[in-house]
Structure formats: structure tokens, C-alpha cells
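Breakdown of the fold
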Amino acid sequence: MRKALLLVFALAALHPTAARAVPHALQPLLDEGLASVDPGGDGARITVSTDRVFPDPNVLEDLQLSDDGRRIAEVLASYLAAHPLVRCRLEGHTDSTGSGAFNRKRSVSHVLKMKNALIRAGVAADRIETLAHGEDAPVSPNDTPEGKARNRRIEIVLINPS
């Protein structure tokens, strides 16, 4: 229930009709444990673990979405179709395993794969921004397996029309 309330508050700033539609449109991501929501300063920030989105998030070539990754893209595309003025920014993050250059490539690969899934689902490419942070913006220390897991994520920021 708390996550649902956070989602409503986060999206109320986006668009009056969008805030009312969110519990119905994006609630499955919370209900199915696929995402968490943070009402960020620049729009609602929906966080998904790359461990859930990709069967092997370390692959750069031939990266595939998991069933959960396809479900996330499907729900997000449906929301964006119902709210044509809302845009999104996909921000890729990794843990610190490997070199900085590898992690940057890995986060680029992750956000582009998700962007392509959204485009295939009917979202216009110009409504989707991408940003690859690599290992440069951790939310937890990278000194434990749990901390590393929290850092491997894609943050989906829903952006209010200006």
C-alpha cells in the first residue's frame, strides 16, 4: 500500500490525469515485485533490477530481455500510450565489477535494449531518452553482494511535459 501511495504522489506532479491513471496502469510492476518507485525531483523514478530484466546482464553482444524485462517494457509502453505527453528517461547503472569502460558499455547496452523494446511496443523514439552512468552513481557500497545487486539497475524517470 505504501508503494502505491508513493506512486500516486510521485506522478501527481507529472500530469493531473496521469496521476489518476497510474495505480491502474503501473501498479502491476509494484504488485509483481518488479519495481520500486521514488518520487524524484525531476519526475517519478521507477527502479528495476537489471538482474530481473536480463537473463545475463554481463552480456554485451546479443543481450536479451527476460520475461520480467518484457513485462516491464509492456506495462511501461501501455502507460506511455495512455499518456502521450509524458516522456521517459532510461538511466543505466552497474556495480563496480570489471573496468569502468566495461561498465559504461554494459549500462549503454542495458538502456538501449530497453529503449528498443519500448519502441517495438509502439513508443516513439523521441519520447525516450537514455543515460548510461556505468558504476559512477551507486546507491549502495559495492563491497557486498547485496550492495552490488542494488547498484545493478535501470531507473525509469517519467518526465512531465514542459
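Residues numbered from 1 in each chain as written. Predicted model: local features only at pLDDT ≥ 70, side-chain atom pairs only at ≥ 80, totals over all residues. Heavy atoms only, no water.

Further remarks concern the environment of Leu80. Mapped onto the fold, Leu80 is located in helix α4 (residues 67-82). Assessed through its relative accessible area of 0%, Leu80 is described here as buried. Residues Leu80 and Val123 lie 43 residues apart in sequence; the distance between their C-alpha atoms is 7.1 Å. Apart from the residues lying within four places of it in its own chain, the contact partners of Leu80 are Val86, Cys88, Val123, Arg127 and Leu158. (Helix = DSSP H or I, 4+ residues; strand = E, 2+ residues; numbered from the N terminus. Buried < 20%, exposed > 50% of the residue type's maximum accessible area, 1.4 Å probe, protein only. Contact = heavy atoms within 4.5 Å.)

This part takes up the pattern of salt bridges. According to the stated counting rule, one finds 13 salt bridges in the structure shown. Between Glu129 and Arg87 there is a salt bridge, and its shortest N-O distance comes to 2.4 Å. Of this pair, Glu129 sits in strand β4 (residues 128-134) while Arg87 is found in strand β3 (residues 87-93), placing the two residues 42 residues apart along the sequence. When its relative accessible area of 29% is taken as the criterion, Glu129 is described as partly exposed. Residues Asp95 and Arg106 are paired through a salt bridge, measuring 3.1 Å at the closest nitrogen-oxygen approach. Note that Asp95 is positioned in the loop between β3 and α5 (100-120) and Arg106 in helix α5, a separation of 11 residues in sequence. Accessibility classification places Asp95 together with Arg106 in one group, the buried group. (Salt bridge = Lys/Arg side-chain N within 4 Å of Asp/Glu carboxyl O.)

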